[in-house]
Amino acid sequence: MSRIEDCFTKLKAEGRKALIPYVTAGDPEPAISVPLMHAMVAAGADIIELGVPFSDPMADGPVIQRAAERALEHGTRLRDVLAMVAEFRQQDTSTPVVLMGYLNPVEVMGYETFARAAAEAGVDGVLSVDLPPEEAHDLLVALRGHGVNPIFLLAPTTDDARIERICAVASGYVYYVALKGVTGAGGLDVQSVADKLVQIRRHTDLPVGVGFGIKDADSAAAVANVADAVVVGSALVKKIEQNAGQSDKITREITDVLARMRAAMDA
Amino acid sequence: MTVQIKQAEGSLPDDNGHFGPYGGRFVAETLMVPLRELQEAYDKYLSDDDFLNELDADLRQFVGRPSPLYLAERWTQQLDGAQIWLKREDLNHTGAHKVNNTVGQALLAKRMGKTRIIAETGAGQHGVATATVAARLGLKCVVDMGAVDIARQAINVYRMKLLGAEVVSVESGSKTLKDALNEAMRDWVTNIDDTFYIIGTVAGPHPYPAMVRDFQAIIGREARAQILDQAGRLPDALVACVGGGSNAIGLFYPFLEDRDVAIYGVEAAGDGLDTGRHAAPLCAGRPGVLHGNRTYLMEDDNGQIIETHSISAGLDYPGVGPEHAWLKDEGRAQYVAITDDEALDAFHNLTRVEGIMPALESSHALAYASKLAPTMDREQIIIVNLSGRGDKDIHTVAALEGIKV
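Quick summary incoming for the structure in this document.

Residue and element names in this part refer to chain B. Across the five residues of strand β2 (residues 22-26), five count as buried, placing the element largely inside the fold. As judged from the two bridges shared by strand β1 (residues 18-19) and β2, these two strands associate in the antiparallel manner. Residue pairing for β2: F19 is matched across the bridge by Y22. Both β2 and strand β12 (residues 292-297) contribute to a ladder of two bridges, which runs antiparallel. Counted as the bridge partner of F26 is G292 from β12.

All right, on to the environment of Q246 of chain A then. All names here are of chain A. Residue placement: Q246 occurs in the loop between α11 (234-242) and α12 (247-266). Among the residues examined, Q246 registers a relative accessible area of 41% and is labelled partly exposed. Between the C-alpha atoms of Q246 and A185, which are 61 residues apart in sequence, the distance is 26 Å.

Attention now moves to the sheet that holds strand β8 (residues 195-197) of chain B. Residues and elements named next belong to chain B. In spatial order, the strands read β7-β6-β5-β8; together these four strands make up an open sheet with parallel pairing. The sheet is open, and its two borders are formed by β7 (166-170) and β8, each paired with just one other strand. Strand after strand, the sheet turns through a mean of 25 degrees between neighbouring axes, direction not considered. Relative to strand β6 (residues 140-146), strand β5 (residues 116-121) is paired through six bridges, and the arrangement is parallel. When the sheet's bridge partners are listed, R116 is paired in β6 with K140.

Moving on: the interface of chain A and chain B. Counting residues at the interface gives 36 residues for chain A, matched by 40 residues for chain B. Roughly 3000 Å² of surface becomes buried between chain A and chain B when both sides are summed, with 50% attributable to carbon and sulfur atoms. Applying the counting rule to chain A against chain B returns five salt bridges. Residue D193 of chain B pairs with K180 of chain A through a salt bridge whose shortest N-O separation is 3.0 Å. Elements with a contribution of two residues or more to the side of chain A that touches chain B: α3 (62-73), α5 (103-109), β6 (152-154) and α8 (160-169) of chain A. Of the residues forming the side of chain A that touches chain B, the biggest block, five residues, is contributed by α5 of chain A. Its residues placed into classes, the side of chain A that touches chain B shows 18 nonpolar, six polar and 12 charged.

The rules behind these values
Residues numbered from 1 in each chain as written. Chains lettered and ligands numbered in written order. Predicted model: local features only at pLDDT ≥ 70, side-chain atom pairs only at ≥ 80, totals over all residues. Heavy atoms only, no water. Buried < 20%, exposed > 50% of the residue type's maximum accessible area, 1.4 Å probe, protein only. Helix = DSSP H or I, 4+ residues; strand = E, 2+ residues; numbered from the N terminus. Pairing = 2+ DSSP bridges. Axes fitted to C-alpha atoms, helices over the stretch in contact; angles between N-to-C directions. Contact = heavy atoms within 4.5 Å. Buried area = accessible area lost by both parts, 1.4 Å probe. Salt bridge = Lys/Arg side-chain N within 4 Å of Asp/Glu carboxyl O. Nonpolar A, V, L, I, M, F, W, Y, C, P; charged D, E, K, R; others polar.

Geometric values such as these leave the question of function open.
If you want it as structure tokens, here you go:
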């Protein structure tokens, strides 16, 4: 069983939902990333989504775009992100880490090289935002060959046929994008999310995470009522932006947000 | 008369939008169903006589087609080689080939019941062409444009505003065309229900590369018929500039099966290919995935897209249409590059010798033709796509000569 499967099995037994924070690796500078990952776990994170910075983040709103720009200014490359995961694994061998990013850095490294390096570093899942299953065959083969879970997005526009197709190749969990828009957008409608999750669960037994539009403890708790996992990104990355240069403050503010979400979700 | 749009049965791309290993549909999940709906609508209207008749009428009466095929006699004499014929896309309404595509996509948007049009633009030509058709059809129009391009293309920005479009200044990344495209994609994903995204070049996710090509292929269909009529034979070579590559594929596509016709796509060498300051992914880049398709890109060893340079804003783009990537690998077309200085020389030469002021984009094609012609016989024929007029560039040219206009 993979770390991701272990994680969801354990949470299910405890009657809890997964809290999944997203931060961009290397934002605002590389030295903060590994300590921040540990701090987030201590604050109640179950899985960490680590963003791989890309020059052209087409699916991201301004907050995560600027995070990628800050990380790239410090030269954070895909191989540096893998090194951060390897360093994280020296102390934490149980918390799953999912890399989230765009295809091109992986394409340039080569699928097989990337999959092997990711597995060796201790990466558990890979979510490539701009890679639908139609184009994913070769990367899927490489990831599966090294025991890495391919994570896919589902969207409000995804119809039954596509849910079926995506869930057939996904493993670990699937990630439902709660609204039409980019990361950091507003307008979360929990009832429409609940309705869509019913539709999704007709096609799969995989855990379903929900992200986009979750900003605080209340929205996290509301989504946790219907989903298996709550993903929070821009609300955390904003704290990094507001406090760039003050590592302690960044860590404190992010862990505060997560601890409040954790408490509300478990209440 | 009904225009025929598709070429031969079985031609590329395949059903998933692949030209060999290139093209495809690399987008976030939210866009996959809307792209399929666009594909279905496009397939349907391609064989719909009402749609095709309306398109044909618009191209004649609104755009001013057919555009002339003009023998540049004095320039040909000066170069002392092959005859140079110019396909005069500069004479279209709005001054460039871009409007061929925006007219087609806007009619499609109307048929699909969309009320809001968005577009990205670099030099502003596609933005102007989009704002123009949106004004005519009474559709709301938003154009994304990099802040750097807004500063260097002030006239086109004002033209778009006069036409009623909202111009959004894109401040992310390098603040140029590639970032405008990112921003338009973000707008589209947010406003999927009422919005139609008119992409201006033969790049992006399937079906855009095929659809934009099909709308631009009227350039080559006309040119082929005109040269047979006016010269009594097919040309020996075609030359067109390539940024994203829509004017080039428009000229090339109807000649692809004419195996004796040599095809040259001209990229922007900027300060020179060896300086790294250029916009020539086919000549000096390598394959990768950006903006929804796999194609040749300007990228670093870590897969980050690098900033490009060209004197011509319309060529200042790090990718290229996937069909060009395929034609390069197949050897059916050759891709070459022309520097800023060479393009400027061609700009001045054509203006002084023929009384035609070309766009700086088109000047790259002209510069290559002026190298090619002297190596060929006087009986031979080169068709150059004069894709746009140079009025928009006079400030750039004047500034280089230290003149304030």
